[in-house]
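In case you want the letters, here they are:
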Amino acid sequence: MGAIALRNVEKTYGHGPKAVKVIHGVNADIPDGEFIVIVGPSGCGKSTLLRMVAGLEEITGGEIDIGGRVVNRLEPSERDIAMVFQNYALYPHMSVYDNMAYGLKIAKVPKAEIEVRVQKAAKILELGGLLDRKPRQLSGGQRQRVAMGRAIVRQPQVFLFDEPLSNLDAKLRAQTRLEIQKLHRELGVTSLFVTHDQVEAMTLAERMIVMNAGRIEQIGTPEQVYQKPATTFVAGFIGNPPMNLLQGQADGSRFTVGGQTLTLPLAAPRSGPLLLGVRPEHAELNPAGGWPLQVDMLEMLGAERLVYGRLGDAAFTLRIEGTRTPPKAGETVQLLVTPEHMHWFDAATGQRV
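How each quantity is defined
- Residues numbered from 1 in each chain as written.
- Predicted model: local features only at pLDDT ≥ 70, side-chain atom pairs only at ≥ 80, totals over all residues.
- Heavy atoms only, no water.
- Phe/Tyr/Trp six-rings, centres within 6.5 Å; stacked < 30°, edge-to-face > 60°.
- Helix = DSSP H or I, 4+ residues; strand = E, 2+ residues; numbered from the N terminus.
- Buried < 20%, exposed > 50% of the residue type's maximum accessible area, 1.4 Å probe, protein only.
- Lys NZ or Arg CZ within 6 Å of the ring centre and 35° of its normal.
- Pairing = 2+ DSSP bridges.
- Axes fitted to C-alpha atoms, helices over the stretch in contact; angles between N-to-C directions.
- Salt bridge = Lys/Arg side-chain N within 4 Å of Asp/Glu carboxyl O.
- Core = buried A, V, L, I, M, F, W, Y, C linked by side-chain atoms within 4.5 Å.
- Contact = heavy atoms within 4.5 Å.

A.B. asks: Whenever I open this one, the packing of aromatic side chains confuses me. Can you help?
C.D. replies: Aromatic ring pairs: the centre-centre distance and the angle between the two ring planes describe each pair. Scanning the model with the defined rule gives seven aromatic pairs in all. Ring geometry for Tyr91 versus Tyr102: centroids 5.1 Å apart, planes at 65 degrees, classification edge-to-face. Of this pair, Tyr91 sits in the loop between strand E6 (81–84) and helix H2 (96–106) while Tyr102 is found in helix H2, placing the two residues eleven residues apart along the sequence. Centroid distance Phe161 to Phe193: 5.6 Å. Interplanar angle 35 degrees. Geometry classified as tilted. With a gap of 32 residues between them, Phe161 in strand E7 (residues 158–162) and Phe193 in strand E8 (residues 190–195) connect regions that are remote in the sequence. Across the pair, Phe193 and Phe161 agree in class, each one buried. Members of the aromatic cluster, joined through ring pairs, are Phe35, Phe159, Phe161 and Phe193. For the cation-ring pair, Arg279 lies above Tyr226, with the distance from its terminal atom to the ring centre recorded as 4.0 Å.

Structure, rendered in structure tokens:
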């Protein structure tokens, strides 16, 4: 039973007038066996939150519950968790086998049991032929698999991953993501994975926690977060290129942005100042008419092109297939956006309307 409950968790560094609050009342329930990714920009508090779950940081307020018991005052070794860090932290003088077995030896696990656990982890991670090698004889991806193997042999209630793929190149990151997915399917252990990379978050998560400035902006599946962002922060952070956010005045079926009045296919949810969000892939070139986009420049990305332009004075990015004949810089094209692909946000709070 590795369910995790975060109840109004807070973290403050320092005391008195110089105190700095970095985690502001975080609440989340993670069922047993779920793979949750905590994603957000650098400095948003995601690693601090993970380290508090691990017991490496003291919490200032609230409760952390793992497997049905409050662990606020328990040492990391008493929490039945295993952590994989960004830095592999392998012992350079030990073989792969000994690196994976070391924690079990310290815990005085019988030698026969250690052998079974290490061999099983090595098989899952395809490390069987590398057990006699030293870390210096391994690639970065292999070292990260050894670090994961060291966590697996512990047979914990919870796996914690702190940006474990950041030191790998793009190809190895993609390969290791697949290995982590396979690992979770085989073991079914509750997992918290921290990253600033939205691609990792979208591909790995069963659900995502999107954090900003020490607060949770949204919790949901990758599909929910992408298709219905709860705030302008989520809308701008999840998706590459990010969602276009147009600030303007709504009046029924008209929306004035950047000095340009756009006709809406469906009336805005209310009149007055609003933010209209449209993802670059959800606007289409439409010769029959629509919103006039003044094209500034184009970017060829192989299978697709990005068209950068302006609606009035407001910047707008359009994504089109690489096989289509692209518009030319300086040209004005017409855009079609359907109602289901329009996202409305409060101009003052950034909350979804």
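A.B. asks: What exactly am I supposed to notice about the sheet that holds strand E13 (residues 260–263) here?
C.D. replies: Where strands meet in a sheet, backbone hydrogen bonds hold them as pairs that are either parallel or antiparallel. The strand order across the open sheet formed by five strands is E13-E12-E11-E14-E20, and the pairing between neighbours is antiparallel. The sheet is open, and its two edges are formed by E13 and strand E20 (343–346), each paired on a single side. Neighbour-to-neighbour, the strand axes of this sheet turn through a mean angle of 40 degrees, independent of strand direction. Bridge count for strand E12 (residues 254–257) against E13 is four bridges, and the pairing is antiparallel. Following the sheet pairing, Phe255 is matched in E13 by Leu262.

A.B. asks: I tried to follow the pattern of salt bridges on my own but got confused; where do I start?
C.D. replies: Summed over the entire model, instances satisfying the criterion amount to 15 salt bridges. The residue Glu10 makes a salt bridge to Lys21 at a minimum N-O spacing of 3.4 Å. On the criterion of sequence distance, the pair formed by Glu10 in strand E1 (residues 4–13) and Lys21 in strand E2 (residues 20–30) is long-range, its members being eleven residues apart. We classify Lys21 as partly exposed; its relative accessible area is 37%. With its nearest N and O atoms 3.0 Å apart, the salt bridge here joins Arg117 to Glu113. Within this pair, Arg117 and its partner Glu113 are both found in helix H3 (residues 111–124), separated by four residues, close to a single helical turn. Take Glu113: its relative accessible area is 31%, and that puts it in the partly exposed class. One salt-bridge network, in which partners are shared between bridges, spans Arg7, Glu63 and Asp65.

A.B. asks: When you look at the nonpolar core in this model, what are you seeing that I'm missing?
C.D. replies: Side chains that are nonpolar tend, in soluble globular proteins, to be buried together. Core analysis: the largest hydrophobic core is formed by 46 residues, its most contacted members being Val37, Val39, Met100, Val118, Phe193 and Met208. In this structure Met208 touches Val37, Val39, Ala201, Met202, Gln218, Ile219, Gly220, Pro222, Val225 and Ile238, once residues within four positions along its chain are discounted. Ile38, Val53, Ala54 and Val158 belong to the second-largest nonpolar core, a separate cluster that totals 27 residues.

A.B. asks: Can you help me understand unusual backbone geometry in this one?
C.D. replies: When glycine is set aside, most residues are seen to have a negative phi, and most peptide bonds are trans. A cis geometry characterises the amide bond from Asn240 onward to Pro241, with omega recorded as 0 degrees. The residue Pro241 is located in the loop between helix H8 (232–237) and strand E11 (244–251) in this model. A positive phi angle is found at Asn8, which is not glycine, with a value near 50 degrees. You can see Asn8 is positioned in strand E1. Relative accessible area serves as the criterion here: at 40%, Asn8 is assigned to the partly exposed category. Despite not being glycine, Ala89 shows a phi value in the positive range, around 55 degrees. Residue Ala89 is classed as partly exposed on the basis of its relative accessible area, which comes to 43%.

This is a description of form; function is not addressed.
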